[in-house]
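# Remarks on the overall topology
Okay, here's what each chain looks like letter by letter:
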Amino acid sequence: MIYNITAATGNLGVKIVEEALKYIPPKNLVLTVRNPDKAAQFQEKGVQIKQANYRSEKALAAAFDGTDVLIYIPSLTFPSVARIMEFENAIVAAENMGIKQFIFIGFMADHGNNPFKMSPFFGYVQRRLASGNVPYTYIRNGMYSDPLPPYLAELAKRGQLLYPVADQRISFISRKDLAKAIMQIALREDLHNSEYTLTGPKSWSMNELAELLSDISRTPIIYEPLSNQQFAELYDEPKGFGPILVSLYEAAAMGLMAEVTEDFERITGEKAEDLSTYIKREYQKLL
Ligand SMILES: NC(=O)c1ccc[n+]([C@@H]2O[C@H](COP(=O)([O-])OP(=O)(O)OC[C@H]3O[C@@H](n4cnc5c(N)ncnc54)[C@H](OP(=O)(O)O)[C@@H]3O)[C@@H](O)[C@H]2O)c1
């Protein structure tokens, strides 16, 4: 069985490759990457590296040749319509190359009424997969926990947690745990052809999160949300990204980012790491 992981040089991709190498010999693993230089550490281990930009259906088809199970991690390309074209190239290439299982790595913000400015992309992907002829699994990731530990020093300095989500909750999970579950889905055929929502064991209100961050940083942090506009202006990095970012918190303020499921435990046989343990450990590493 040949496994192929796209965007394998990204933060999530690297974690999935590391997880994959615990179970499969390097010669059965292919990485489809835009910049092969960034995958040198895996090439040294005997993993096959194929170069392909999502903009080229032809390069993707060549990279997918001989693949049985494809794990497709989308890029961060904006706007949605540009990312849709990248995905379209990949799904056409997958169809032409006879991929046996297309595992799409998505995001929880895919609801029909979700105001997140990338949700049109996820809407298209669902319909395209459902109406195509490649067997597929659709995975909805919860919000990454990973940005929180490096953000904590700034929050402690401000003494404020700023997310504009009113009294709603957010469901977090680390990239490491996501990689663990995603790789099990890839390896186990009994888990194929399905849909999963990967989350931590509970969702967090912003008051709970502020309390947790205060405990960990030993500094008082209170939940004082900014307005959407203030938040978009403060975190407009790179320029123009603020309104996109804040649209995700608009979705959260509607209660759309609070889903908690038992999928992670059902897939891996264990609970995803709790956010408090995760942040405590990772924050310590940064001190
Ligand atoms: N759950 C969440 O909270 C959350 C948050 C943010 C994003 N996401 C989603 O998570 C996914 C990836 O996350 P990440 O943390 O791994 O992001 P990342 O570290 O920025 O990685 C992005 C990857 O996409 C590759 N890429 C970008 N443009 C490409 C193109 N035109 N052709 C081929 N490859 C291209 C990059 O290649 P290079 O190494 O060559 O640049 C890199 O490997 C994205 O789908 C994103 O929508 C989820």
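Here, every reference points to the structure presented above.
Since the model is a prediction, treat every value here as computed from it, not as a measurement. (Residues numbered from 1 in each chain as written. Predicted model: local features only at pLDDT ≥ 70, side-chain atom pairs only at ≥ 80, totals over all residues.)

Reading across from one edge, β3-β2-β1-β4-β5-β6-β10 is the order of the 7 strands in this open sheet, with parallel pairing throughout. Where the open sheet ends on each side, the last strands, each with one partner, are β3 (48-51) and β10 (195-198). On average, adjacent strands in this sheet sit at an angle of 20 degrees to one another, irrespective of strand direction. Direction of pairing for strand β2 (residues 29-33) relative to β3: parallel, over a ladder of 4 bridges. Note that in β3 the partner of Leu31 across the bridge is Ile49. Packed onto the sheet, helix α7 (residues 175-187) meets β1 (3-6), β4 (69-72), β5 (101-107), β6 (136-141) and β10 and runs at close to 170 degrees relative to β6. (Pairing = 2+ DSSP bridges. Helix = DSSP H or I, 4+ residues; strand = E, 2+ residues; numbered from the N terminus. Axes fitted to C-alpha atoms, helices over the stretch in contact; angles between N-to-C directions. Contact = placed C-beta atoms within 7 Å.)

Attention now goes to the pairing of strand β9 (residues 169-173). Taken across its 5 residues, β9 has 4 buried, putting it largely inside the fold. Relative to β9, strand β7 (residues 143-144) runs parallel, the two sharing 2 bridges. Bridge pairing in β9 places Met143 opposite Phe172. Note that β9 and strand β11 (residues 203-205) share 3 bridges and pair antiparallel. Paired with Ile170 across the bridge in β11 is Trp204. (Buried ≥ 20, exposed ≤ 12 C-beta atoms within 10 Å, placed from the backbone.)

Our focus in this paragraph is the nonpolar core. Membership of the largest hydrophobic core comes to 85 residues, with the highest contact counts inside it found for Leu31, Ile71, Ile103 and Ile182. The dominant element in this core, judged by the number of residues it contributes, is α7, at 7 residues. (Core = buried A, V, L, I, M, F, W, Y, C linked by C-beta atoms within 7 Å.)

With that out of the way, let us pick up unusual backbone geometry. With an omega of 5 degrees, the peptide bond running from Phe78 to Pro79 counts as cis. Note that the residue after Glu237, namely Pro238, is joined by a cis bond; omega there is -5 degrees. Even without glycine at this site, Asn193 takes up a positive phi of about 60 degrees. For Arg218, which is not glycine, the phi dihedral falls at a positive 55 degrees. Tracing the backbone through its elements, the reader meets Arg218 in the loop between α8 (206-217) and β12 (222-223). Overall, the presence of 7 C-beta atoms within 10 Å leaves Arg218 in the exposed class.

Attention now moves to the site of the ligand. The local shell around the ligand holds 22 residues, among which Thr9, Gly10, Leu12, Tyr54 and Ser75 are the closest. Elements supplying a minimum of two residues to the shell around the ligand: α1 (11-20) and β7. Residue composition of the shell around the ligand, by class: 9 nonpolar, 9 polar and 4 charged. (Near = placed C-beta within 6 Å. Nonpolar A, V, L, I, M, F, W, Y, C, P; charged D, E, K, R; others polar.)

What follows deals with the sheet that holds β7. Within a sheet, each strand pairs with its neighbour through backbone hydrogen bonds, oriented either parallel or antiparallel. Strand order in this open sheet of 3 strands is β7-β9-β11, and the pairing throughout is mixed. Edge positions in the open sheet fall to β7 and β11, since each of these has one partner strand only.

The side chains of a regular strand alternate between both faces of the sheet. Taking every second residue as pointing to the same face, both faces of β1 are buried, with Tyr3 and Ile5 on one and Asn4 and Thr6 on the other. Relative to β2, β1 runs parallel, the two sharing 4 bridges. Looking at β2, one finds that Ile5 is bridged to Leu31. Considered for its hand, the β-α-β crossover made up of β1, α1 and β2 is right-handed. Direction of pairing for β1 relative to β4: parallel, over a ladder of 3 bridges. Pairing of Tyr3 across the sheet is with Val69, part of β4. (Right-handed = clockwise from strand over helix to strand, strands pointing away.)

With that settled, the discussion passes to helix α4 (residues 80-96). Over its 17 residues, α4 runs 24 Å from end to end, which matches the ideal 24 Å to within 8%, given 1.5 Å per residue. Taken residue by residue, α4 has Arg83, Glu86, Phe87, Asn89, Ala90, Ile91, Ala93 and Ala94 as its buried positions. Buried residues along α4 sit against α3 (57-64), β4, β5 and α5 (119-131). A positive phi of about 65 degrees marks Gly98, the residue just after α4. (Expected span 1.5 Å × (residues − 1).)

Here the focus is the environment of Asp177. The topology assignment puts Asp177 in helix α7. For Asp177, a count of 24 C-beta atoms within 10 Å puts it in the buried group. For the pair Asp177 and Ala272, spaced 95 residues apart in the sequence, the C-alpha separation amounts to 6.3 Å. For Asp177, the contacting residues outside a window of four places in its chain are Phe264, Ala272 and Glu273.

Looking at the element boundaries, Gly255 is found in the loop between α10 (242-253) and α11 (263-268). C-alpha of Gly255 to C-alpha of Ile170: the two residues are 85 residues apart in sequence and 7.9 Å apart in space.

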